[in-house]
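Tertiary structure, described
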Amino acid sequence: MLWSSIASFAALTAVVNGQYDGETSPPSYPSPWMRGGNGWADAYQKAQAFVSQLTLLEKVNLTTGVGWEEGPCVGNTGSIPRLNFPGLCLQDSPLGVRDTDLNSAFPAGVNAAATWSTRLMKSRGNAMGSEHRDKGVDVQLGPVAGPLGRSPEGGRNWEGFSPDPVLTGVAIGQTIQGIQDAGVIACAKHFIMNEQEHVRSATPPEYEFSYSSNLDDKTMHELYLWPFADAVRAGAGAIMCSYNQVNNSYASQNSWTLNYLLKNELDFQGFVTSDWWAQLTGVASALAGLDMTMAGDQGLNSGDTYWGSNLTAAVLNGTIPQWRLDDMVVRIMSAYYKVGRDKTSVPVNFNSWTLETDGYRFPESNEDFTQVNWHVNVQDDHAALIREIGGASTVLLKNVNKALPLNKPKSIAVIGEDAHDNPGGPNACGDRGCDIGTLAMGWGSGTANFPYLISPNTALKAQAADDKSQYVNVSNNYDFDAVTKAVTGAEVAIVFANADSGEGYLTIDGNEGDRNNLTLWQNGDALIAHVASINPNTIVVLHTVGAVIVEAIKNHPNITAILWAGLPGQESGNAITDVLYGKVNPQAKTPFTWGKAREDWGTDVMYTFPSDPPQLNFVEGVFIDYRHFDAAGIEPSYEFGFGLSYTTFSYSNLKITKNNPGPYEPTTGMTSPAPTFGTIDYNPAHAEFPPGFSAVPRYVYPYISGPIPTNLPQNWPAHSQDGSPQPKLAAGGSGGGNRQLYDTMYTVSATVTNTGNVKGTEIAQLYISLGGPTDPKIQLRGFDDLILDPGESETFTYEITRRDISNWDTVSQNWVVSAYPKTVYVGGSSRDLPLSGALG
Ligand code: NOJ
């Protein structure tokens, strides 16, 4: 097709010309000040009242972390003792409270996406939020929309949701609402283009710089920024900027991404915190839109800081205007009030650095040994939700001759280390940094301790006992003699295998965060082939962080069923048993594409770079995952959105109604001038360490010692210190962009019928073709989960918004609806779309 060849031709010329190497990021100043719009008015008012009474030092304290391991949480801001304000506790992770005990370990983000259920996404967020709240956490460091998942090898994709921006956008919005309804600030991360782990940070002498993700403005808007617009629209209180560079400017001091895109165009009202030590400058990052620095010190235990005392000095000598400091603090406190922290807050009752009851309050300095853990049990009844999500996120990829569900099999053999417990316990490896036993989360900071982990072997054995099935199990993936013996003659052989990945600070089995390949770990592929060579009813269960190559498994005649269970959290075994035995009818659809070969994706992690600063060129533009497979005409093993059920569904009766919301008006006018709150005492002597003050070593303070620098360079970016009224952006003006982007342009409905004989849930999906020569063939825009009894029909409805049918126009810097004919498709996967109609 013409459009696909044009798209790939564009990508090809980009490579040939090296057009993205050295791409630059346009300056955008001043940093937009908060205005209290988008449902933030009340919080803004309360924050103003609070901030107005603060001194310079107190304001600085709220912006700056106290240093690594100088407080109970992974991130701790300074406090305001005068007002009994203890400072803020920021804690990982996107799947539960990290580094503590008596908390739940939830299914990973990728599993939440696989449910395609807004109810489950929100409930998961709410349950995680309430656990953070009850541990005393102010800011939960999640959810994740970056990485989006450009390449399946990307180590942290599983912390997020899906390489599709709409599925991720819906999931992040629901999760944020759930977390914040529980009274905790959600921190959407990592902003932005943090799509791989290799060289995310400088690793001198090899690389002096982090990689730069180089991309064009259209790809930014139509793909990577899209879910962050949903995060802002959902009212996210915080956003974490990332380690990498974007178009050769660090994400923590990139005025284009922070000032222009996030705070101006998306009208983000909350605060931006850095990823841990992602900040690399003091004044420049402040002027570029950073509001909080974490962990506060310049590097791990460096004992110095870019802000703290340096921010105090920069305000005192006029380099950073008061309005910019006030804006940082008022944004932080507005987020605090917006989620009701003034009512929900309890003192922090855990310590990230020890699980013992007693420990140091300042562990990095070995100071103040006292009680630091109160072992508060915050799990509530979340196990039931975790089990439900585990079942609802398990994708049934293959099911031949009704191999599943199982019904009291006479004999069952369960094979594979991945079905079994880690002999050292589920938390034996810190931050889950190993692949031993069943895999229920990846590794890195995006983890939580398991309170317990039900392995598949435990749950399946219990089921077998109930059914009086004969049960054998083998955990050694290399002991093929034992495997042969176990599976020979078994009515069903269930073989488990996994593939792991995580954050780049840990290397597991040679994988530095990102995966080195798309094969199964621990001899998994050979194990499956061996079992299937013997047993004609082999069922494969995969616990993988994302796609693996399954073409041989798919085509194997003795493999009767394949299930992808992802990273299901603590109830793993119960959840997979529910699905295998039909207590739960699978509803999940794969939130990513399964290619037949690694090359099929057309994108990959870059493991080494020929130059420094390393250039990571996003030459494929918006063509990642299914957009690429469709454009390049590549048949996947399983397409995006695919998933079987124990019943079947049909689609009929497509109806398209055109709405008339009126024309799209660009936002115009000027902002008000930057406000300031309270007065600043500019006498440097008053900002010095109080006499006799006993400082904790390496703790980051706001006090200055001695004279502050004067006679400064005056080459700060143009307008960066300017607090006068500024023109509004045409595409901005409201949370998530111009409010008319969310007008309903068409209402589409279709009838979905359960045509089988068991109750089931169908995920109806709506895709749109924007019709232009450089547009993807189709793009997901909406979905819903419909629960249907046998024979029952329900109406699926989706309201197509203006954003849904627009392209980003780089010249007018606004969204436009092109003149190309647009088509809507409805069906059960990205390649099974029986209904279509023109959007006239
Ligand atoms: C670095 C990770 O990138 C981020 O996701 C995490 O929240 C912080 N470390 C704190 O642990």
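Residues numbered from 1 in each chain as written. Predicted model: local features only at pLDDT ≥ 70, side-chain atom pairs only at ≥ 80, totals over all residues. Heavy atoms only, no water.

The protein carries the name beta-glucosidase in an unreviewed UniProt entry, which gives Hyaloscypha hepaticicola as its organism. One UniProt comment on the protein, placed under Catalytic activity (unreviewed entry), says "Hydrolysis of terminal, non-reducing beta-D-glucosyl residues with release of beta-D-glucose." What UniProt states about the protein under its Sequence similarities (unreviewed entry) heading is, verbatim, "Belongs to the glycosyl hydrolase 3 family." (UniProt positions renumbered as here; feature names shortened; annotations may be inferred.)

1. Notes on the pairing of strand S18 (residues 538–544)
Counting buried residues in S18 gives seven out of seven residues, a clear majority hidden from the surface. Here S18 shows no split at all, with Thr-538, Val-540, Leu-542 and Thr-544 on one side and Ile-539, Val-541 and His-543 on the other all buried. Pairing analysis gives seven bridges linking strand S15 (residues 492–499) to S18, with the strands arranged parallel. In the sheet register, Phe-496 faces S18, and the bridge partner there is Val-541. (Buried < 20%, exposed > 50% of the residue type's maximum accessible area, 1.4 Å probe, protein only. Helix = DSSP H or I, 4+ residues; strand = E, 2+ residues; numbered from the N terminus. Pairing = 2+ DSSP bridges.)

2. Remarks on the UniProt feature "domain: Fibronectin type III-like" (unreviewed entry) in the protein
With numbering matched to this structure, UniProt assigns "domain: Fibronectin type III-like" (unreviewed entry) to residues 762–830. What you have in residues 762–830 is 0% helix and 57% strand, and the ends, taken at the C-alpha atoms, are 14 Å apart.

3. Comments concerning the sheet that holds strand S25 (residues 793–801)
Across the sheet, three strands lie side by side as S21-S22-S25; this open sheet has antiparallel pairing. Two strands in the sheet have a free side with no partner beyond their single neighbour: strand S21 (649–658) and S25. When the angles between neighbouring strand axes are averaged without regard to direction, this sheet yields 20°. Taken together, the eight bridges between S21 and strand S22 (residues 744–754) define a ladder with antiparallel strand orientation. (Axes fitted to C-alpha atoms, helices over the stretch in contact; angles between N-to-C directions.)

4. A look at the side chain of Ser-637
Position of Ser-637 relative to the elements: it lies in the loop between helix H20 (626–632) and S21. Ser-637 sits in the buried class, given a relative accessible area of 4%.

5. So, the site of the ligand
Taken together, 13 residues lie around the ligand, and Asp-92, Arg-156, Lys-189, His-190 and Asp-275 are the ones closest in. A distance of 2.7 Å is found between an oxygen atom of the ligand and a side-chain nitrogen or oxygen belonging to Arg-156. Within the contact set of the ligand, an oxygen atom lies 2.6 Å away from a side-chain nitrogen or oxygen of Asp-275. Relative to its unbound accessible surface of 290 Å², the ligand loses 95% to contact with the protein. (Near = heavy atom within 4 Å. Polar contact = N/O pair within 3.5 Å; in protein donor to acceptor, adjacent residues only side chain to side chain. Areas by Shrake-Rupley, 256 points an atom, 1.4 Å probe, with all protein chains shown as cover.)

6. Description of unusual backbone geometry
Residue Ile-192 is bonded to the preceding Phe-191 through a cis peptide linkage, with omega at 5°. Along the polypeptide, Ile-192 turns up in the loop between strand S4 (185–191) and strand S5 (212–214). Residues Asp-612 and Pro-613 are joined by a peptide bond in cis, for which omega reads 5°. With respect to the helices and strands, the residue Pro-613 is situated in the loop between helix H19 (572–580) and strand S20 (615–617).

7. Digging into the nonpolar core
If you look at the biggest cluster of nonpolar residues, it comprises 133 residues, and the most contacted ones within it are Met-220, Tyr-224 and Trp-276. Per-element tally for this core: the top contributor is helix H12 (residues 322–338), with nine residues. Apart from residues no more than four positions distant in its own chain, Met-220 is found in contact with Ile-192, Met-193, Leu-215, Leu-225, Trp-226, Val-246, Trp-256, Thr-257 and Leu-261. Core analysis: the second largest hydrophobic core is formed by 52 residues, Ala-108, Ala-440, Met-441 and Leu-453 among them. (Core = buried A, V, L, I, M, F, W, Y, C linked by side-chain atoms within 4.5 Å. Contact = heavy atoms within 4.5 Å.)

8. Examining the pattern of salt bridges
Counted by the stated rule, this structure contains 36 salt bridges. In this structure, Lys-408 and Asp-467 form a salt bridge, with 3.8 Å as the shortest nitrogen-oxygen distance. Taken together, the residues span a long stretch of sequence, with Lys-408 in the loop between strand S12 (395–399) and strand S13 (411–415) and Asp-467 in helix H15 (residues 456–467) at a distance of 59 residues. The partner of Asp-804 in a salt bridge is Arg-781, and the shortest N-O contact between them spans 3.8 Å. Taken as a pair, Asp-804 in the loop between S25 and strand S26 (807–809) and Arg-781 in strand S24 (residues 779–788) lie far apart in primary sequence, 23 residues in all. Given the relative accessible area of 3%, Asp-804 is considered buried. What makes Arg-781 buried here is its relative accessible area of 5%. When salt bridges with common partners are traced through the structure, they connect Asp-92, Arg-98, Asp-99, Lys-189 and Asp-431 into a single cluster. (Salt bridge = Lys/Arg side-chain N within 4 Å of Asp/Glu carboxyl O.)

9. Section: the state of the cysteines
Following the criterion strictly, the structure yields two disulfides and no others. Bridging Cys-73 to Cys-89, the disulfide has an S-S length of 2.1 Å. Taking the sign of the S-S torsion, about -100° here, the bridge from Cys-73 to Cys-89 comes out left-handed. Linking Cys-73 in the loop between helix H3 (56–63) and strand S1 (75–76) with Cys-89 in strand S2 (residues 89–91), this pair joins segments that are 16 residues apart in sequence. Cys-89 gets classed as buried once you look at its relative accessible area, which sits at 2%. Residue pairing for Cys-429: its cysteine sulfur links by disulfide to Cys-434, the two sulfurs lying 2.0 Å apart. Across the S-S bond of Cys-429 and Cys-434 the torsion is about 90°, and the bridge reads as right-handed. Exposure class is identical for Cys-429 and Cys-434. Each is buried. The closest cysteine sulfur to the non-disulfide-bonded Cys-187 is located on Cys-241, 9.1 Å from its own sulfur. (Disulfide = S-S within 2.5 Å.)

10. Thoughts on the domain arrangement of the protein
Under the domain assignment, the protein is made up of domain 1 (6–375 + 672–687), domain 2 (382–640) and domain 3 (651–659 + 743–839). On a C-alpha basis, the centroid separation for the pair domain 1 and domain 2 is 32 Å. If you look at the interface, domain 1 gives 78 residues, while domain 2 gives 71 residues. The contact between domain 1 and domain 2 buries some 6,000 Å² in all, and 58% of this surface belongs to carbon and sulfur atoms. Taken as a group, Arg-150, Glu-153 and His-198 account for 14% of the area that domain 1 buries against domain 2, more than any other trio of residues on that side. (Domains from an automatic or database assignment. Buried area = accessible area lost by both parts, 1.4 Å probe.)

11. Brief notes about the side chain of Thr-667
Within the fold, Thr-667 resides in the loop between S21 and S22. In this structure Thr-667 touches Lys-728, Leu-729, Ala-730, Gly-732, Gly-733 and Asn-738, once residues within four positions along its chain are discounted.

12. Remarks on helix H9 (residues 255–265)
Burial analysis of H9 places ten of its eleven residues in the buried class, the great majority of the element. Turning to H9, its buried residues are Ser-255, Trp-256, Thr-257, Leu-258, Asn-259, Tyr-260, Leu-261, Leu-262, Lys-263 and Glu-265. If you check the start of H9, you find a side-chain oxygen 3.0 Å away from the backbone N of Trp-256, and it comes from Asn-254. Trailing H9 by a residue or two, Asp-267 shows a phi angle of about 60°, which is positive.

13. Let's talk about H12
The end-to-end C-alpha distance of H12 is 23 Å, a good match for the 24 Å that 17 residues give at a rise of 1.5 Å each. When you tally the buried positions in H12, you get 16 out of 17 residues, the bulk of the element. At the C-terminal side of H12, Gly-340 shows a positive phi close to 80°. (Expected span 1.5 Å × (residues − 1).)

14. Focus: the sheet that holds strand S7 (residues 245–246)
Two strands in a sheet stick together by hydrogen bonds in their backbones, pointing the same way (parallel) or opposite ways (antiparallel). If you walk across this open sheet you meet the four strands as S8-S7-S5-S20, and the pairing is mixed. In this open sheet, the two strands that pair with only one neighbour each are strand S8 (249–250) and S20. Here three bridges tie S5 to S20, and the two strands are oriented parallel to one another. Bridging across to S20, Asn-214 finds its partner in Asn-617.

15. Some details on the packing of aromatic side chains
Per the counting criterion, the structure on display carries 30 aromatic pairs. Pairing Trp-68 with Trp-353 gives two aromatic rings, centres 4.8 Å apart and planes at 70°, and the pair type is edge-to-face. Pair noted here: Trp-68 is in the loop between H3 and S1 and Trp-353 is in the loop between helix H13 (341–344) and strand S10 (358–362), with a separation of 285 residues, a long-range link. The class for Trp-68 is buried, based on a relative accessible area of 17%. (Phe/Tyr/Trp six-rings, centres within 6.5 Å; stacked < 30°, edge-to-face > 60°.)

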